[in-house]
Amino acid sequence: MPPTLASLVHHSALKLRVRAGGERLATPVRWAHASELADPVPYMEGGELLLITALKLDAEDPEAMRRYVRRLGQAGVVGLGFAVGVHYETIPDALVNAAEEEGMPLLEVPRRTPFLAISKAVSAAISAEQYQAVTAGFAAQRELTKHALSDGPAGLLTALAGQVGGWAALYDATGAVAAAAPDWAARRAARLTPEVRRLHARTPPASLVVGGDPDRVELHTLGTSRRPRAALAVGTEAPLGTAERYAAHSAIALLTLTTERSRSLHEAEQRVGAAVLRMLLAGEPEHARTVAGSLYGDLLDAPYRLILVEAASATAARAHGDGRTVPHGASPPRPRTGAPYGAALVRPGEPPAGPLAALAEHVEAAAARAGEAVLAVPDGERLVLLTTDGGAAADACVGYAAALDRARATEQALAGGTDEPVMGLSAPAGPIAAATAYRQAEQALSVARRRGRALVEHEEVATGSVVQLLADDAVRAFADGLLRALHEHDATGRGDLVASLRAWLSRHGQWDAAAAELGVHRHTLRYRMRRVEEILGRSLDDPDVRMELWLALKATTGTE
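Because the structure is a prediction, the values reported are computed rather than measured.

Digging into the pairing of strand 6 (residues 167–171)
Where burial is concerned, most of strand 6 is hidden: 5 out of the 5 residues are buried. Neither face of strand 6 is exposed, since Trp167, Ala169 and Tyr171 on one face and Ala168 and Leu170 on the opposite face are all buried. Judged from the 5 bridges that link them, strand 6 and strand 10 (residues 230–236) form a sheet pairing that is antiparallel. What sits directly across from Trp167, in strand 10, is Gly235. Bridge analysis of strand 6 against strand 7 (residues 177–181) gives 4 bridges, and the strand direction is antiparallel. Bridge assignment links Ala169 to a residue of strand 7, and that residue is Ala180.

Comments concerning the sheet that holds strand 10
By definition, the strands of a sheet pair up through backbone hydrogen bonds, in either a parallel or an antiparallel sense. Overall, antiparallel pairing links the 5 strands, which are arranged 7-6-10-9-8 in an open sheet. Looking along the sheet, the strands with just one partner apiece sit at the ends: strand 7 and strand 8 (207–210). Pairwise comparison of adjacent strand axes, ignoring direction, gives a mean angle of 15° for this sheet. Examined bridge by bridge, strand 9 (residues 216–222) and strand 10 share 7 bridges and lie antiparallel to one another. Paired with Arg216 across the two strands is Thr236, which belongs to strand 10. Each of strand 6, strand 7 and strand 10 is contacted by helix 4 (residues 115–164), which is oriented at about 150° to strand 6, the strand it contacts most.

Comments concerning the side chain of His220
Residue placement: His220 occurs in strand 9. Owing to a relative accessible area of 12%, His220 belongs among the buried residues under this scheme. Engagement of the side chain of His220 in a polar contact is seen with the side chain of Glu218, the distance being 3.1 Å. Setting aside its immediate chain neighbours within four residues, His220 contacts Leu199, Ala206, Ser207, Ala230, Ala231, Leu232 and Ile252.

Notes on the confidence of the model for the protein chain
Mean pLDDT over the protein chain stands at 83; residues scoring 70 or higher make up 86%. Counting interchain partners and residues more than four positions distant, the pLDDT-below-50 stretch residues 320–349 has 69 contacts. Counting contacts from residues 413–417, a segment whose pLDDT is below 50, to residues more than four positions away or on other chains yields 3 contacts.

Concerning the pattern of salt bridges
Note that side chains of opposite charge can pair when their charged atoms are close. In total, this model carries 27 salt bridges according to the counting rule given. Here Glu108 ties to Arg17 by a salt bridge, and the two come within 3.1 Å at their closest N and O atoms. Within this pair, whereas Glu108 is found in strand 5 (residues 106–109), its partner Arg17 is found in strand 1 (residues 17–20), the two being separated by 91 residues in sequence. Judged by its relative accessible area of 45%, Arg17 falls in the partly exposed class. A salt bridge links Asp215 to Arg188; the shortest N-O distance between them is 2.7 Å. Of this pair, Asp215 sits in the loop between strand 8 and strand 9 while Arg188 sits in helix 5 (residues 185–190), placing them 27 residues apart in sequence. Counted as one network, the salt bridges with shared partners bring together Glu63, Arg66, Arg67 and Glu101.

Regarding the sheet that holds strand 15 (residues 455–457)
Spatially, 5 strands are ordered 12-13-11-14-15 in an open sheet, and the strand pairing comes out mixed. The outermost strands of the open sheet, each flanked by one partner alone, are strand 12 (374–379) and strand 15. Each strand of the sheet is rotated relative to its neighbour by a mean of 15°, with strand direction disregarded. Across 7 bridges, strand 11 (residues 304–311) lies against strand 13 (residues 382–388) in antiparallel orientation. Residue Leu306 lies in a different strand from strand 13, and its bridge partner there is Leu386. Along the sheet face, helix 10 (residues 354–370) touches strand 11, strand 12, strand 13 and strand 14 (421–425) and points at about 155° away from the line of strand 11. Docked against the sheet, helix 11 (residues 392–409) engages strand 11, strand 12, strand 13, strand 14 and strand 15, running at close to 135° with respect to strand 14.

Description of the packing of helix 2 (residues 62–74) against helix 3 (residues 93–102)
For the pair helix 2 and helix 3, interaxial distance at closest approach is 8 Å and the crossing angle is 45°. On the basis of the axis angle, helix 2 is oblique to helix 3. The crossing of helix 2 and helix 3 is right-handed. Here Pro62, Met65, Arg66, Val69 and Arg70 of helix 2 lie close against helix 3, whose contacting residues are Ala94, Leu95, Ala98, Ala99, Glu101 and Glu102. Classifying every residue of the contact of helix 2 with helix 3 by side-chain character gives 7 nonpolar, no polar and 4 charged.

The rules behind each value
Residues numbered from 1 in each chain as written. Predicted model: local features only at pLDDT ≥ 70, side-chain atom pairs only at ≥ 80, totals over all residues. Heavy atoms only, no water. Buried < 20%, exposed > 50% of the residue type's maximum accessible area, 1.4 Å probe, protein only. Helix = DSSP H or I, 4+ residues; strand = E, 2+ residues; numbered from the N terminus. Pairing = 2+ DSSP bridges. Axes fitted to C-alpha atoms, helices over the stretch in contact; angles between N-to-C directions. Contact = heavy atoms within 4.5 Å. Polar contact = N/O pair within 3.5 Å; in protein donor to acceptor, adjacent residues only side chain to side chain. pLDDT = per-residue confidence, 0-100. Salt bridge = Lys/Arg side-chain N within 4 Å of Asp/Glu carboxyl O. Parallel < 35°, antiparallel > 145°, perpendicular 65-115°, else oblique. Left-handed = near helix turned anticlockwise from the far one by under 90°. Nonpolar A, V, L, I, M, F, W, Y, C, P; charged D, E, K, R; others polar.

Put into structure tokens, the structure is as follows:
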């Protein structure tokens, strides 16, 4: 505890006597300073005990003393020490009265007590207090380290809360509360999630103080990477003291080490995960289980969903082709080795960045809170996720996509701007059907790109109409090119070949039914179909030609 005026008064060697302001002796003293200036305020910082002999003061002028004492109080001076027997045998009444009026503690310093002795007493008390704080800080560090090693982050938080006399909480990369101590603090910490997310957006290391009712909270990012993976909150009734500050900094260092170690382990897990996924896609589930061991729990045995994710920027590049990706809407090439679909595509890569990193952290945090396993493998510009069917991780993906779709609908920008993730979700599958699940997710991803949606489930593709797949610019361009000559013919007024072709195809080539629908004679319809063959240079007897023409007509329906 820092020295106070009361501790100086009780110092047996100083022999100080209180003459005014006795009710404020508990005020801490930052330093003792001697000054004979008529106005020492410009040289004060606040918290000083000012020692004077009144060499240049008219200490017997009541008005002058009122101004002098009032100005000292406004500058933060906590007390006056007046040396008697130097220029004045006793403290003048004018100064005593002024001090009483302002509530300024006034101490009488006997002639045999030099100002230097008072300064030394203050300095010694401050040094003792600092030494005690440092000693307590080292003890707190040892205690926190012991709990971190034996009980992990949860034990460390419990010890930290006890050290600071408040509460502590740990947040994951998404800003959700991962642990808190005491237990009641979890609800209080959850209210700070928006502030934690804003803190994560700043360049680490970063900190933030949130003041208000009912406590004062310090937030600190954890980790050394450009994107914080966690944050620490410390809540107390008052600002942290020196010892408490040591404890908080020790906790930050220990949790940062834990976070960095966790990141290294996470990267190693991703490499194992890539190998496991390749084995699953190659039709080797038993080998995959052997390699995975207990790393993914029962994820490889229970029905799971495979999710392919890519950023909108990768989708745009895929549409134009960039040498590595495939054309817009097309499926990636099958492996040349004869391995099942997707086996040669998945490979360990750099950790995901941008929107893929945000989604990966969101999904992994949801899985961790639910106590379920999730396999996340970066794959170039994509992210491959294997999640338990109906589990928290799969639900987190669906919820994340729904939020993106709502933001698009209301023209609000979410984090990541226009570079939002696009996802394809497979149907539930088992270990032996991983290649099929990959193909389904790829198909769903392709549909999500074309429809401008954040996520499409394969069930939607499988149960929907193939006509919906025609709503693609490339398909419409093909349809317009195929039917252009017929439209140009009809534009001259020489017959309605497009409508006739549509009626004939819709009636499965039945002349009478199609002619009746058009209101023309069947011979007229036969003539028109011959003209279609002549103009297109293709035979309507070919079922592939009829199929292409019908799909072209369906693709252009509503655009004519």
